[in-house]
Structure formats: C-alpha cells, structure tokens
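Here is what each chain is made of, one letter per residue.
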Amino acid sequence: MRILIKKIFYTFKKLWTYFYFLINCKNKAIFLKKGAIFFKSKFKVKKDNEIIIGTDSQIIRTKLLIKGTNNVVYVSDNTKIYDSKIIIKGDNNRVVIGEKVQLVNLQLIIEHCGNELSIGDKTTSSGLIEMYIKEGKKVIIGKDCMLSRDIIIRTSDGHSIVNDRNKRINYSDSVIVEDRVWIGQRAMLMKGAKITDNTVVAAGSTVTKKFESGNIIIAGNPAKQVREKISWSRKLL
C-alpha cells in the first residue's frame, strides 16, 4: 500500500509540473530534463537567463527569482532541493549544483555581477543554510560534504568599514570548502575562509581564515585547529 501511495503521489507531482509549465512557462529560459519535478515551487526569471533542472531532480516548495541577465542555474541529475529560496540580482552569475545533492532550506542571495556558487556531488544539508555571495566572489563546496543546520556562509560583510582616510578595509573574499568536510550546527564561514579535505568544523565555530591542512578538527570563535590526523563517517560506527 505504501509503495502504491508513493507511486500515486509521484505521478501527481509529475502532472503538476507538466501543467504548471504548460500554463506558466512561456519563458524559454527554464529547461526540465526527463523526470525532473518542479512541485509547489515558483519562479520569476527573464528569458535572457538559463535554468536547467537535471534528470530525475526534484525542486520542492522553492522560490527562484532572478533579476539580471546572462545568469545560469544548473541543477545536476538526481538532486533534491526542498523549502528553499534562490535570489539572484545582477548579471553573469553562476550556480552549479552537482549530482545526488540534497539541500533543505537553502536561503541563497547573490548580488552584483560575476559571482559563483558550486556545490559538489553527494553533498547534503539537514536544515537552514544562509549564503550571501556578493562583489564577484565565489562559494565553492566540494563533494560529499555534510552540512548541519543554521549555518551562515558569507563572502562579504554587506557594509563598508573604513579607516581614518575613508578607505575601505573590509574587502570581500571567496569561501572555499574542499571535499568531505563536515560543518556543524550554527557554524559561520566568513569571507576568505578556506577549509581543506576531511576537516570537521565544530558546532558554533566562526571560520575567518584559511586552513591549509586537512584531516583536522577546527573549533571556536575565531576557529583554530584543536586536533589533527582525524577522519569522519556519516555512520555511527
């Protein structure tokens, strides 16, 4: 019975996707590949942008707003995005989400031009992730990363800090997270942060600098290395 109910609901979501796009999608900017589902979601995108949803991917209860030109959002195959909001204001921005990614409550705001978000294959999140990407910078998250909830990632402070000569001193910078990084609840990754392969970021940490060594635990505010020669698993061994 459960299998039958799942099949019926899946078929309903596919039909909803088909009729929604039939009625609303005079916009040629959005392309759905075979089996892609766009359910209880809304978009507002101009023709001179490109949105591609991969094979068997699901966009559920998500809002997508793009104001600008020549922006690209590419969601690869077998990826699921739930209860999220993606807002892009500017030109020539790029969002690429890999295969078999699962994102829950991603709140993404991209402003200005030439920014980039890349999320690698099999990366997952379990709750609210706030990302603010501005001033032509990048947020790169590698493959098979595990993000908890209430995480903030920023390339910019959002406002200027100036010295006594009225010169700005808080310039924006990209945020890089390499493969197989576990980011704990309420962690903050600020402009210029870099986290190397197989690192664990402890809950509540604020990462403000580059960590070039992998297989470590970082913790604190500001974060510092507290242990080395570690690895981690999604399973409780």
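Along each chain, the written sequence defines residue order, and numbers are assigned to residues from 1. Side-chain atom pairs in this predicted model are given and counted only at pLDDT of 80 or more, local residue features only at pLDDT of at least 70, and totals for whole chains, interfaces and linings cover all residues. By convention in this description, side-chain values take in all heavy atoms of the structure and omit both hydrogens and water.

The name an unreviewed UniProt entry assigns to the chain is Acyltransferase, from the organism Oceanobacillus kimchii.

The number of helices and strands found in the chain is 1 helix and 27 strands. The buried label applies to any residue whose accessible area, calculated with a 1.4 Å probe on protein chains only, is under 20% of its type's maximum; exposed applies above 50%, and partly exposed to all values in between. Residue burial in the chain is summarised as follows: out of 237 residues, 45% are buried. Looking at the chain as shown, the accessible area adds up to about 12900 Å², and 53% of this sits on carbon and sulfur atoms. In DSSP terms, a helix is any run of H or I states spanning at least four residues, a strand is any run of E spanning at least two, and both are numbered starting from the N terminus. Areas reported here follow the Shrake-Rupley algorithm with a probe of radius 1.4 Å; residue values treat only the protein chains shown as occluding.

Turning our attention to the pattern of salt bridges. Salt bridges are defined as contacts in which a side-chain nitrogen from Lys or Arg sits within 4 Å of a carboxyl oxygen from Asp or Glu. This structure, assessed with the given rule, holds 10 salt bridges. The shortest N-O distance in the salt bridge between Arg 180 and Asp 144 comes to 3.3 Å. Linking Arg 180 in the loop between strand 19 (175–177) and strand 20 (182–183) with Asp 144 in the loop between strand 16 (138–141) and strand 17 (146–147), this pair joins segments that are 36 residues apart in sequence. Residue Arg 180 is classed as partly exposed on the basis of its relative accessible area of 22%. Overall, Asp 144 belongs to the partly exposed group, its relative accessible area being 25%. Linking Glu 212 and Lys 194 is a salt bridge whose minimum nitrogen-to-oxygen distance equals 3.0 Å.

Counting through the fold element by element, Ser 41 comes out in the loop between strand 2 (37–39) and strand 3 (42–44). For Ser 41, a relative accessible area of 1% corresponds to the buried category. The definition of a polar contact used here is a pair of N or O atoms within 3.5 Å, where within protein one atom must be able to donate a hydrogen and the other to accept one, and adjacent residues in sequence count solely through side-chain atom pairs. For Ser 41, the side chain forms a polar contact with the main-chain nitrogen of Thr 62, separated by 3.0 Å.

Turning next to the sheet that holds strand 3. Here a strand pair is declared whenever DSSP counts at least two bridges between the two strands. Pairing is parallel across the open sheet formed by 8 strands, whose spatial order is 3-6-9-12-15-18-21-24. A strand with exactly one partner marks an edge of an open sheet, and here the two such strands are strand 3 and strand 24 (206–207).

This brings us to the packing of aromatic side chains. Each pair of aromatic rings taken from Phe, Tyr and Trp, with Trp reduced to its six-membered ring, is defined by centres within 6.5 Å and is described as stacked if the planes are under 30 degrees apart, edge-to-face if over 60, and tilted in the remaining cases. As enumerated under the stated definition, the model contains 2 aromatic pairs in all. Look at Phe 38 and Phe 43: their rings are 5.9 Å apart centre to centre, the planes differ by 70°, and that puts the pair in the edge-to-face class. Note on accessibility: Phe 38 and Phe 43 belong to one class, buried. Residues Trp 182 and Trp 232 carry aromatic rings whose centres are separated by 5.8 Å and whose planes lie at 50° to one another, so their mutual orientation is tilted. Residue Trp 182 is located in strand 20, and its partner Trp 232 is located in the segment after strand 27 (224–228); the two are separated by 50 residues in the primary sequence.

Read from one edge of the open sheet, 9 strands run 1-4-7-10-13-16-19-22-25, paired in parallel fashion. Only two strands of the sheet have a single neighbouring strand rather than two, namely strand 1 (30–32) and strand 25 (210–211). In terms of strand pairing, strand 19 meets strand 22 (residues 194–195) through 2 bridges, oriented parallel. Of the residues in strand 22, the one forming a bridge with Ile 176 is Lys 194.

This part covers the nonpolar core. Grouped burial of nonpolar side chains is what soluble globular proteins tend to show. By size, the foremost hydrophobic cluster in this structure holds 47 residues, and its most contacted members are Leu 108, Met 131, Ile 141, Ile 183 and Val 207. Here Val 207 is in contact with Met 188, Leu 189, Met 190, Ala 193, Ile 195, Val 201, Ile 218 and Ala 223, once residues within four sequence places are set aside. Definition used in this section: a nonpolar core is a set of buried Ala, Val, Leu, Ile, Met, Phe, Trp, Tyr and Cys residues joined via side-chain atoms within 4.5 Å. We call two residues contacting when some pair of their heavy atoms lies within 4.5 Å.

On to the pairing of strand 15 (residues 129–134). In terms of burial, strand 15 is a largely internal element, 5 of the 6 residues being buried. Examined bridge by bridge, strand 12 (residues 106–111) and strand 15 share 6 bridges and lie parallel to one another. By the bridge assignment, Ile 110 is partnered in strand 15 with Ile 133.

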